[in-house]
Amino acid sequence: MVLPAGDSQLVQIMDAALANAAQQAGRWLVCREGCTQCCYGAFAINRLDALRLGTGMEALRAAEPALAAEIERRAGAWIAENKAGFPGDAETGLLGSSDADRERFEDFANEAACPALDPTTGRCDVYAFRPMTCRVFGPPVRMDAGAKDGEALGHCELCFVGATTAEIAACEMPVPHDLEAKLLEEIEQEGETVVAFALLR
(Lines give C-alpha, C1' and ligand atoms only; values in the text may rest on other atoms or scores of the structure.)
Protein backbone atom coordinates (compact mmCIF):
# COMPACT_ATOMS: atom_id res chain seq x y z
CA MET A 1 0.00 0.00 0.00
CA VAL A 2 1.39 3.40 -1.06
CA LEU A 3 1.05 6.47 1.14
CA PRO A 4 -1.38 8.90 -0.56
CA ALA A 5 0.30 11.93 -2.13
CA GLY A 6 -2.07 14.15 -0.18
CA ASP A 7 -0.50 13.05 3.11
CA SER A 8 2.38 15.46 2.52
CA GLN A 9 -0.17 18.27 2.33
CA LEU A 10 -1.76 17.09 5.57
CA VAL A 11 1.62 17.07 7.30
CA GLN A 12 2.49 20.54 5.95
CA ILE A 13 -0.84 21.94 7.16
CA MET A 14 -0.30 20.43 10.60
CA ASP A 15 3.30 21.67 10.84
CA ALA A 16 2.20 25.19 9.89
CA ALA A 17 -0.71 25.07 12.34
CA LEU A 18 1.58 23.95 15.15
CA ALA A 19 4.12 26.67 14.38
CA ASN A 20 1.39 29.30 14.38
CA ALA A 21 -0.15 27.98 17.61
CA ALA A 22 3.26 27.97 19.29
CA GLN A 23 3.88 31.55 18.19
CA GLN A 24 0.49 32.64 19.52
CA ALA A 25 0.95 30.73 22.78
CA GLY A 26 4.43 31.95 23.63
CA ARG A 27 5.29 31.01 27.21
CA TRP A 28 2.00 29.14 27.69
CA LEU A 29 3.16 26.28 25.44
CA VAL A 30 5.95 24.43 27.24
CA CYS A 31 6.34 21.53 24.77
CA ARG A 32 10.00 20.90 23.98
CA GLU A 33 12.36 18.10 23.06
CA GLY A 34 12.97 15.97 26.11
CA CYS A 35 9.50 16.45 27.60
CA THR A 36 8.00 12.97 27.41
CA GLN A 37 4.64 13.51 29.13
CA CYS A 38 2.78 12.46 25.97
CA CYS A 39 5.06 9.52 25.15
CA TYR A 40 3.68 7.06 27.70
CA GLY A 41 0.58 4.93 27.35
CA ALA A 42 -0.88 3.18 24.32
CA PHE A 43 -3.18 5.05 21.97
CA ALA A 44 -4.97 4.01 18.81
CA ILE A 45 -3.76 5.20 15.42
CA ASN A 46 -5.64 4.93 12.14
CA ARG A 47 -4.43 3.21 9.00
CA LEU A 48 -3.13 6.45 7.48
CA ASP A 49 -0.93 7.03 10.54
CA ALA A 50 0.28 3.42 10.35
CA LEU A 51 1.08 3.76 6.66
CA ARG A 52 2.99 7.00 7.27
CA LEU A 53 5.00 5.33 10.02
CA GLY A 54 5.73 2.34 7.81
CA THR A 55 6.81 4.54 4.90
CA GLY A 56 9.01 6.59 7.22
CA MET A 57 10.63 3.46 8.61
CA GLU A 58 11.42 2.25 5.08
CA ALA A 59 13.25 5.50 4.41
CA LEU A 60 15.00 5.30 7.78
CA ARG A 61 16.20 1.75 7.13
CA ALA A 62 17.93 3.02 3.98
CA ALA A 63 19.32 6.25 5.46
CA GLU A 64 20.07 5.27 9.06
CA PRO A 65 19.95 1.48 9.40
CA ALA A 66 21.38 1.43 12.93
CA LEU A 67 18.71 3.80 14.22
CA ALA A 68 15.97 1.91 12.38
CA ALA A 69 17.19 -1.35 13.92
CA GLU A 70 17.11 0.17 17.40
CA ILE A 71 13.56 1.45 16.91
CA GLU A 72 12.52 -1.99 15.67
CA ARG A 73 14.17 -3.60 18.70
CA ARG A 74 12.20 -1.35 21.05
CA ALA A 75 8.98 -2.00 19.10
CA GLY A 76 9.52 -5.76 19.28
CA ALA A 77 10.19 -5.57 23.01
CA TRP A 78 7.05 -3.45 23.50
CA ILE A 79 4.92 -6.01 21.68
CA ALA A 80 6.44 -8.93 23.56
CA GLU A 81 5.79 -7.24 26.90
CA ASN A 82 2.20 -6.21 26.12
CA LYS A 83 1.05 -8.93 23.73
CA ALA A 84 -0.83 -11.00 26.32
CA GLY A 85 -3.20 -8.16 27.16
CA PHE A 86 -3.57 -6.74 23.67
CA PRO A 87 -7.27 -5.96 23.05
CA GLY A 88 -7.40 -7.24 19.50
CA ASP A 89 -5.41 -9.46 17.16
CA ALA A 90 -1.90 -9.62 18.58
CA GLU A 91 -0.57 -11.15 15.36
CA THR A 92 -1.76 -8.46 12.95
CA GLY A 93 -1.76 -5.65 15.50
CA LEU A 94 -5.33 -4.63 14.68
CA LEU A 95 -7.30 -3.41 17.68
CA GLY A 96 -10.65 -5.03 18.36
CA SER A 97 -13.76 -2.98 17.73
CA SER A 98 -16.17 -4.56 20.20
CA ASP A 99 -17.31 -2.73 23.31
CA ALA A 100 -15.37 -5.22 25.41
CA ASP A 101 -12.18 -4.61 23.42
CA ARG A 102 -12.58 -0.83 23.71
CA GLU A 103 -13.10 -1.15 27.45
CA ARG A 104 -9.97 -3.29 27.78
CA PHE A 105 -7.99 -0.74 25.79
CA GLU A 106 -8.75 1.93 28.40
CA ASP A 107 -6.42 0.14 30.83
CA PHE A 108 -3.97 -1.28 28.29
CA ALA A 109 -0.24 -0.46 28.53
CA ASN A 110 -0.91 2.86 30.24
CA GLU A 111 2.58 3.04 31.73
CA ALA A 112 4.50 1.76 28.70
CA ALA A 113 6.85 4.13 26.89
CA CYS A 114 6.29 4.55 23.15
CA PRO A 115 8.91 2.48 21.30
CA ALA A 116 9.69 5.52 19.14
CA LEU A 117 10.94 7.36 22.23
CA ASP A 118 14.70 7.46 22.73
CA PRO A 119 14.95 6.85 26.50
CA THR A 120 18.32 8.58 26.70
CA THR A 121 17.54 11.86 24.95
CA GLY A 122 13.76 11.98 25.39
CA ARG A 123 13.51 12.57 21.65
CA CYS A 124 10.99 11.02 19.28
CA ASP A 125 12.99 9.05 16.73
CA VAL A 126 10.12 9.15 14.20
CA TYR A 127 9.11 12.78 14.76
CA ALA A 128 8.92 13.66 11.05
CA PHE A 129 6.37 10.93 10.36
CA ARG A 130 4.61 10.73 13.73
CA PRO A 131 0.84 10.04 14.01
CA MET A 132 -1.79 12.78 14.06
CA THR A 133 -2.46 12.22 17.77
CA CYS A 134 1.13 13.25 18.48
CA ARG A 135 0.86 16.25 16.17
CA VAL A 136 -2.12 17.71 18.03
CA PHE A 137 -0.96 17.05 21.59
CA GLY A 138 0.07 20.21 23.41
CA PRO A 139 -1.72 23.21 21.89
CA PRO A 140 -5.46 23.72 22.33
CA VAL A 141 -7.47 21.64 19.84
CA ARG A 142 -11.24 21.36 19.56
CA MET A 143 -12.51 18.11 20.99
CA ASP A 144 -16.09 18.71 19.85
CA ALA A 145 -16.70 20.09 16.36
CA GLY A 146 -19.97 21.63 17.48
CA ALA A 147 -18.51 23.57 20.39
CA LYS A 148 -18.00 27.33 20.26
CA ASP A 149 -15.39 29.76 21.55
CA GLY A 150 -13.23 28.16 24.24
CA GLU A 151 -15.57 25.29 24.97
CA ALA A 152 -14.31 21.74 24.58
CA LEU A 153 -10.74 22.80 23.86
CA GLY A 154 -8.26 20.21 25.06
CA HIS A 155 -4.53 20.75 25.62
CA CYS A 156 -1.61 19.18 27.46
CA GLU A 157 -2.01 19.57 31.22
CA LEU A 158 1.52 20.96 31.46
CA CYS A 159 0.69 23.80 29.08
CA PHE A 160 -1.41 26.93 29.65
CA VAL A 161 -1.08 26.72 33.42
CA GLY A 162 -2.79 29.83 34.76
CA ALA A 163 -4.10 30.92 31.37
CA THR A 164 -7.65 32.17 31.03
CA THR A 165 -10.23 30.53 28.79
CA ALA A 166 -9.89 33.43 26.36
CA GLU A 167 -6.10 33.13 26.27
CA ILE A 168 -6.37 29.41 25.56
CA ALA A 169 -8.99 29.94 22.85
CA ALA A 170 -6.77 32.52 21.13
CA CYS A 171 -4.13 29.81 20.63
CA GLU A 172 -6.42 27.15 19.17
CA MET A 173 -4.76 24.93 16.58
CA PRO A 174 -7.13 23.99 13.73
CA VAL A 175 -7.10 20.36 12.61
CA PRO A 176 -7.98 19.40 8.99
CA HIS A 177 -10.21 16.46 9.87
CA ASP A 178 -11.90 16.53 6.44
CA LEU A 179 -8.60 16.12 4.59
CA GLU A 180 -7.54 13.28 6.87
CA ALA A 181 -10.91 11.54 6.32
CA LYS A 182 -10.52 11.93 2.54
CA LEU A 183 -7.07 10.34 2.64
CA LEU A 184 -8.36 7.47 4.75
CA GLU A 185 -10.99 6.82 2.09
CA GLU A 186 -8.26 6.74 -0.57
CA ILE A 187 -6.30 3.96 1.10
CA GLU A 188 -9.50 1.92 1.60
CA GLN A 189 -8.24 0.27 4.75
CA GLU A 190 -10.12 0.23 8.01
CA GLY A 191 -9.17 -0.62 11.53
CA GLU A 192 -6.82 0.83 14.10
CA THR A 193 -3.53 -0.31 15.55
CA VAL A 194 -0.83 1.03 17.86
CA VAL A 195 2.56 2.55 17.10
CA ALA A 196 4.65 -0.53 17.93
CA PHE A 197 3.03 -2.70 15.26
CA ALA A 198 3.20 0.08 12.65
CA LEU A 199 6.94 0.50 13.18
CA LEU A 200 7.54 -3.12 12.22
CA ARG A 201 5.45 -3.14 9.02
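See the structure printed just above.
So, how was this worked out
Residues numbered from 1 in each chain as written. Predicted model: local features only at pLDDT ≥ 70, side-chain atom pairs only at ≥ 80, totals over all residues. Heavy atoms only, no water. Helix = DSSP H or I, 4+ residues; strand = E, 2+ residues; numbered from the N terminus. Polar contact = N/O pair within 3.5 Å; in protein donor to acceptor, adjacent residues only side chain to side chain. Contact = heavy atoms within 4.5 Å. Core = buried A, V, L, I, M, F, W, Y, C linked by side-chain atoms within 4.5 Å. Buried < 20%, exposed > 50% of the residue type's maximum accessible area, 1.4 Å probe, protein only. Axes fitted to C-alpha atoms, helices over the stretch in contact; angles between N-to-C directions. Parallel < 35°, antiparallel > 145°, perpendicular 65-115°, else oblique. Left-handed = near helix turned anticlockwise from the far one by under 90°. Nonpolar A, V, L, I, M, F, W, Y, C, P; charged D, E, K, R; others polar. Phe/Tyr/Trp six-rings, centres within 6.5 Å; stacked < 30°, edge-to-face > 60°. Lys NZ or Arg CZ within 6 Å of the ring centre and 35° of its normal.

Trainee: Describe the side chain of Asp 125, listing the residues and the values that go with them.
Mentor: Residue position: Asp 125 is located in the loop between helix H4 (99-106) and helix H5 (132-135). Of note is the side chain of Asp 125, whose polar atom sits 2.7 Å from the side chain of Arg 74. Excluding residues that lie within four positions of it along the chain, Asp 125 makes contacts with Leu 60, Leu 67, Ile 71, Arg 74, Ala 116 and Asp 118.

Trainee: Describe the nonpolar core, naming the residues involved and giving the relevant values.
Mentor: Grouped together as the largest cluster of nonpolar side chains are 30 residues, with contacts concentrated most on Leu 53, Met 57, Trp 78, Val 126 and Leu 199. Broken down by secondary-structure element, the contributors of at least two residues to this core are helix H2 (47-63), helix H3 (65-82) and helix H8 (195-199). In terms of residue count, H3 provides more of this core than any other element does, 6 residues in total. Setting aside anything within four residues of it in sequence, one finds Leu 199 in contact with Leu 53, Met 57, Arg 61, Ile 71, Glu 72, Ala 75, Pro 115, Ala 116 and Val 126.

Trainee: How would you sum up the packing of helix H1 (residues 6-25) against helix H7 (residues 177-187)? Please name residues and give values.
Mentor: Direction vectors running N to C along H1 and H7 enclose 160 degrees, while the axes themselves pass 10 Å from each other. Considering the angle they form, H1 stands roughly antiparallel to H7. The way H1 lies across H7 gives a crossing that is left-handed. Side by side, H1 and H7 meet where Gly 6, Asp 7, Gln 9, Leu 10 and Ile 13 of the first sit next to Leu 179, Glu 180 and Leu 183 of the second. Among the residues forming the contact of H1 with H7, the class breakdown is 4 nonpolar, 2 polar and 2 charged.

Trainee: If you had to explain the packing of aromatic side chains to someone new, which residues and values would you point to?
Mentor: Ring pairs (aromatic) are described by centroid distance and by the angle formed between their planes. Within the structure shown, the criterion is met by 4 aromatic pairs. With 5.7 Å between their ring centres and 75 degrees between their planes, Phe 86 and Phe 108 make a pair best called edge-to-face. Taken together, the residues span a long stretch of sequence, with Phe 86 in the loop between H3 and H4 and Phe 108 in the loop between H4 and H5 at a distance of 22 residues. The same class applies to Phe 86 as to Phe 108, namely buried. Plain terms: the ring middles of Phe 86 and Phe 197 are 5.1 Å apart, the flat faces sit at 55 degrees to each other, and that makes the pair tilted. In this pair, Phe 86 is assigned in the loop between H3 and H4 and Phe 197 in helix H8, connecting sequence segments 111 residues apart. One exposure class covers both Phe 86 and Phe 197, and it is buried. For Arg 27, the ring lying beneath its charged end belongs to Trp 28, and the centroid distance is 4.1 Å. In this arrangement the basic side chain of Arg 130 is found over the ring face of Tyr 127, its NZ or CZ atom lying 3.7 Å from the centre.

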